[in-house]
Number of protein chains: 2
Amino acid sequence: MITLTERQSLILKAIVRDYTEGGNPVGSKALVQELPMKVSSATIRNEMAHLEDLGLIVKTHLSSGRMPSIKGYRYYVDHILKPEKVDNKDLKVIQHSLGGEFHKIDEIVAQSADILSQLTSYTTFTLRPELKHSRLSGFRLVPLGNHQVMAILVTNNGDVENQTFTIPTDITGDELEPVVRFIDDQLVGLPLQDVLAKLQSEIPLKLAHYLQNPDGFLDIFGSVLSKAASERFYVGGKLNLFNYTSKQDPQEMRSLYSLLDQTDHIADVIGPPGQHIQVRIGNEITNDLLKDYSLITATYDVDQHGQGMIALLGPTAMPYSRMIGLMGAFQRELARKLLDYYRYFDE
Amino acid sequence: MITLTERQSLILKAIVRDYTEGGNPVGSKALVQELPMKVSSATIRNEMAHLEDLGLIVKTHLSSGRMPSIKGYRYYVDHILKPEKVDNKDLKVIQHSLGGEFHKIDEIVAQSADILSQLTSYTTFTLRPELKHSRLSGFRLVPLGNHQVMAILVTNNGDVENQTFTIPTDITGDELEPVVRFIDDQLVGLPLQDVLAKLQSEIPLKLAHYLQNPDGFLDIFGSVLSKAASERFYVGGKLNLFNYTSKQDPQEMRSLYSLLDQTDHIADVIGPPGQHIQVRIGNEITNDLLKDYSLITATYDVDQHGQGMIALLGPTAMPYSRMIGLMGAFQRELARKLLDYYRYFDE
DNA sequence: TTTTAGCACTTAACTTAATGGAGTGCTAAC
DNA sequence: GTTAGCACTCCATTAAGTTAAGTGCTAAAA
């Protein structure tokens, strides 16, 4: 367990700030100007040597200034940093952007990714509260003619999922009636995850009473259901990658960029909803492609409707204090907005 | 009007080929090896000086080798190049990729962009045959509860467009019945563009007979209709940009990349369906961001179902001969596949 | 008239050397 | 414990020199 004196702590803090703002290693003379106490550069050099022994700062070469190491950022984030109170202008932007009328939760969550990426100039990810916790409130099968049927699934929160299927024979509404009625009777009102579970077990059996050949229908229902229950990350500010990346190898940029298109990989990186705000720095991120970046994740809570996440990807040298403050504010505003939304549908 | 001797033509051709393959300016000595006739490097130098006077090739500095100018590429494409017969393996890939079962035209067209970008390692755009020519074959309004209604529009070609609306009051199927019947009576069977036209003129009046307050419904119908009739480009191989771009300025990459996300800008660049295969080189493209690239566009024809387009964006130094051959083949295969698809739905 | 050999010339790209500046570690004095 | 002073290290920049590729031009050959 590392313990720093007050002065060492101030020095580390100043190095983090300077390096984040200027992008260049910081020397002892520059620090003389900035520290609140009056000490000589030689003293600072002594302290810096100590910080380096502890592994909190590093040199790029024997006679260069210092920059924070991963461990240094870690210490800074854990013990020094105070979340900055969110800028009033930024708060206004958030509230205004979330203030409009939305027709779907996914729109709110998707837009959130965009707002956050604009505010930060970094790349953001958002995850809606898990749909599994929503309840099935309706299922429709609409024959469209031309051998096509559209399946529509509705939840109590107003989420709508639909999919069109091509089927061998033309079907009229009357033929589908008993199936839809079966679902209304047996499954409406249950959380989607329970419906999913039942689909594996008792539904096929029961459905056999209503339909001669239930397989085709089960495929359709299962497909829409799992599409609805699957989690989707929205990505904002993909293009911002160009602003903060240090890479110039096009191939590396390419793999990075393609990572952002793969929801499952993003899910691995960001992990399940957890406690409050978490900062992962450099190689603490479980993906080698991101080992030169930092990731701030925050879980937001919408009461009985479950939890969602927002996340921010940026350079290791980012203004953590401001970012953490911003994430906190956003987290609160988003949760509030979603609560409002759910309340509207619960009426 | 430029006319070249046989030998000059061969030299220009060789310069284009060498420069495309190697990426470096081509010198007179290298050409001695490659030309079919035996001439000295001095003779080639004389010919090259002439080609330079005509503006077909340029030097990067006083004593460098030559590379083709835009004008040089233009001449090459117009007068020298012969489309390469498409590689048998590539043809197999195309046929196999388009051979599967598709449920929607948009899937076929979207997948086409991906296949083409894989085959070429460049970036591709595809545009489906204009939906305006399709006929309205059905319209449904499905009440979903929770103040929501889904509007579904179906065409005779199996295209389905749907959109969910939130409305102030809950509505039952019975109330919508007359509206849907009105549409079935009056509009089904007409091309979408005619429906669009009528929506501006006679429909509002007629609808007033069926509904007290037709405005809300007209908004919904109009919205789905215009969403269906709007053209959409599919983009394939966005990431391939990293392979062939010469830019390393991240800001420029950024604007380029964001251009690919804007369907309307792409439409401007690629232009309306035209004649067969067209090659635009460098500043012949009407967008300054693309002035260092080349664009090959091809229009494909699906008989009475209208025309669509495929397009290819790559470096000015691209193997035009192979690419034009490939575009031709793809154009034919895609048209055939779509004809099959339409035939299936016309049954 | 066309082609070619030969040569002087140009330029980019690379290598080497020289210089200045920022910053460090260490020592000895305060 | 702190500081002034100094030798030392390394990067960055500039300057100079070298090489290789390629050209244009001239005069001779075909």
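Residues numbered from 1 in each chain as written. Chains lettered and ligands numbered in written order. Predicted model: local features only at pLDDT ≥ 70, side-chain atom pairs only at ≥ 80, totals over all residues. Heavy atoms only, no water.

Participant: What exactly am I supposed to notice about the relation of the copies chain A and chain B here?
Facilitator: In this arrangement, two copies of a chain are superimposed by a rotation about an axis accompanied by a shift along the axis. For the pair chain A and chain B, the superposition axis carries a translation of 0.1 Å, the fit reaches an RMSD of 0.1 Å, and the rotation angle comes to 180 degrees. Taken together, the turn and the small shift mark the pair as related by a two-fold rotation axis. Using C-alpha coordinates, one finds that chain A approaches the rotation axis most closely at Gln248 of chain A, a distance of 3.6 Å. In this assembly, 100% of the residues forming the interface of chain A have copies in chain B that are likewise at the interface, indicating an isologous arrangement. (Least-squares fit on C-alpha atoms with pLDDT ≥ 70 in both. Contact = heavy atoms within 4.5 Å.)

Participant: I tried to follow the packing of helix α1 (residues 6-22) of chain B against helix α3 (residues 41-53) of chain B on my own but got confused; where do I start?
Facilitator: The angle between the axes and the distance between the axes are what describe a pair of packed helices. Residue and element names in this part refer to chain B. Contact geometry for α1 and α3: axes closest at 10 Å, N-to-C directions at 85 degrees. Taken together, the axis directions place α1 and α3 in an arrangement best described as roughly perpendicular. Each of Arg7, Gln8, Ile11, Leu12 and Ile15 in α1 lies in contact with α3, whose residues at this interface are Thr43, Ile44, Glu47, Met48, His50 and Leu51. A per-class count over the contact of α1 with α3 returns 6 nonpolar, 3 polar and 2 charged. (Axes fitted to C-alpha atoms, helices over the stretch in contact; angles between N-to-C directions. Helix = DSSP H or I, 4+ residues; strand = E, 2+ residues; numbered from the N terminus. Parallel < 35°, antiparallel > 145°, perpendicular 65-115°, else oblique. Nonpolar A, V, L, I, M, F, W, Y, C, P; charged D, E, K, R; others polar.)

Participant: Can you walk me through the protein's contact with DNA strand C in this structure?
Facilitator: As a matter of local geometry, DNA strand C sits amid 20 residues, with Ser28 of chain A together with Ser40, Thr43, His61 and Ser63 of chain B nearest to it. Of all DNA strand C atoms lying within 4 Å of any protein atom, the proportion belonging to sugar or phosphate reaches 77%. Ser63 of chain A has a polar backbone atom sitting 3.4 Å from a sugar or linking oxygen of DNA strand C. Separating a phosphate oxygen of DNA strand C from a side-chain N or O atom of Arg7 of chain B is a distance of 3.1 Å. At the level of secondary structure, the elements contributing two or more residues to the surface near DNA strand C comprise α3 (41-53) of chain A together with α3 of chain B. Here the surface near DNA strand C gets 4 residues from one element, more than from any other, and that element is α3 of chain B. Per-class residue counts for the surface near DNA strand C are 5 nonpolar, 10 polar and 5 charged. (Near = heavy atom within 4 Å. Polar contact = N/O pair within 3.5 Å; in protein donor to acceptor, adjacent residues only side chain to side chain.)

Participant: Teacher, can you tell me more about the domain arrangement of chain A here?
Facilitator: For interface size, the figure often reported is the accessible area lost on association. Residues and elements named next belong to chain A. Domain boundaries in chain A define domain 1 (6-80), domain 2 (88-130 + 232-346) and domain 3 (134-229). When each unit is reduced to the centre of its C-alpha atoms, the spacing between domain 1 and domain 2 is 30 Å. Domain 1 puts 7 residues into the contact, and the matching count from domain 2 is 12 residues. Here domain 1 meets domain 2 over a buried area of about 780 Å², counting both sides, of which 71% is carbon and sulfur. A per-residue breakdown of the area domain 1 buries against domain 2 is headed by Ile70, Tyr73 and Arg74, which together make up 58% of the total. Salt-bridge contacts for Glu284 lead to Arg74; the nearest nitrogen and oxygen are separated by 2.5 Å. (Domains from an automatic or database assignment. Buried area = accessible area lost by both parts, 1.4 Å probe. Salt bridge = Lys/Arg side-chain N within 4 Å of Asp/Glu carboxyl O.)

Participant: Could you clarify how one ought to interpret the environment of Asp114 of chain A in this entry?
Facilitator: Residues and elements named next belong to chain A. Within the fold, Asp114 resides in helix α6 (residues 105-120). Judged by its relative accessible area of 37%, Asp114 is partly exposed. Each C-alpha atom, one on Asp114 and one on Gln278, is 21 Å from the other, the two residues being 164 residues apart in sequence. Once residues within four sequence positions are removed from consideration, Asp114 is found in contact with Val235, Gly236 and Gly237. (Buried < 20%, exposed > 50% of the residue type's maximum accessible area, 1.4 Å probe, protein only.)

Participant: Mind showing me how you'd approach the layout of surface pockets here?
Facilitator: Sizing a probe to match a water molecule and rolling it over the atoms shows the empty space that remains. In this structure, the largest pocket encloses a volume near 630 Å³. Together, 20 residues line the largest pocket, and Arg140, Leu141, Val142 and Pro143 of chain A together with Val142 of chain B are the ones closest to its centre. Broken down by secondary-structure element, the contributors of at least two residues to the lining of the largest pocket are β4 (136-145) and α7 (173-186) of chain A together with β4 (136-145) and α7 (173-186) of chain B. The element contributing the most residues to the lining of the largest pocket is α7 of chain A, with 7 residues. Partitioned by chemical class, the residues of the lining of the largest pocket number 10 nonpolar, 2 polar and 8 charged. (1 Å grid on protein atoms, 1.4 Å probe; cavity = no way out; pocket = protein on both sides within 12 Å on 5 of 7 lines; lining within 4 Å. Points joined across faces, edges and corners; volume = space filled by probe spheres on them.)

Participant: Teacher, can you tell me more about the protein's contact with DNA strand D here?
Facilitator: Not every one of the 21 residues close to DNA strand D is listed here, only the nearest: Arg7, Ser40, Thr43 and Ser63 of chain A together with Ser28 of chain B. Here, DNA strand D places atoms within 4 Å of the protein, and 77% of those atoms are sugar or phosphate. At 3.5 Å, a backbone N or O of Ser63 of chain B approaches a sugar or linking oxygen of DNA strand D. Mapped by element, the contributors of at least two residues to the surface near DNA strand D are α3 of chain A together with α3 of chain B. Broken down by element, the surface near DNA strand D gets its largest block of residues, 4 residues, from α3 of chain A. Looking at the surface near DNA strand D residue by residue, the class counts come to 5 nonpolar, 10 polar and 6 charged.

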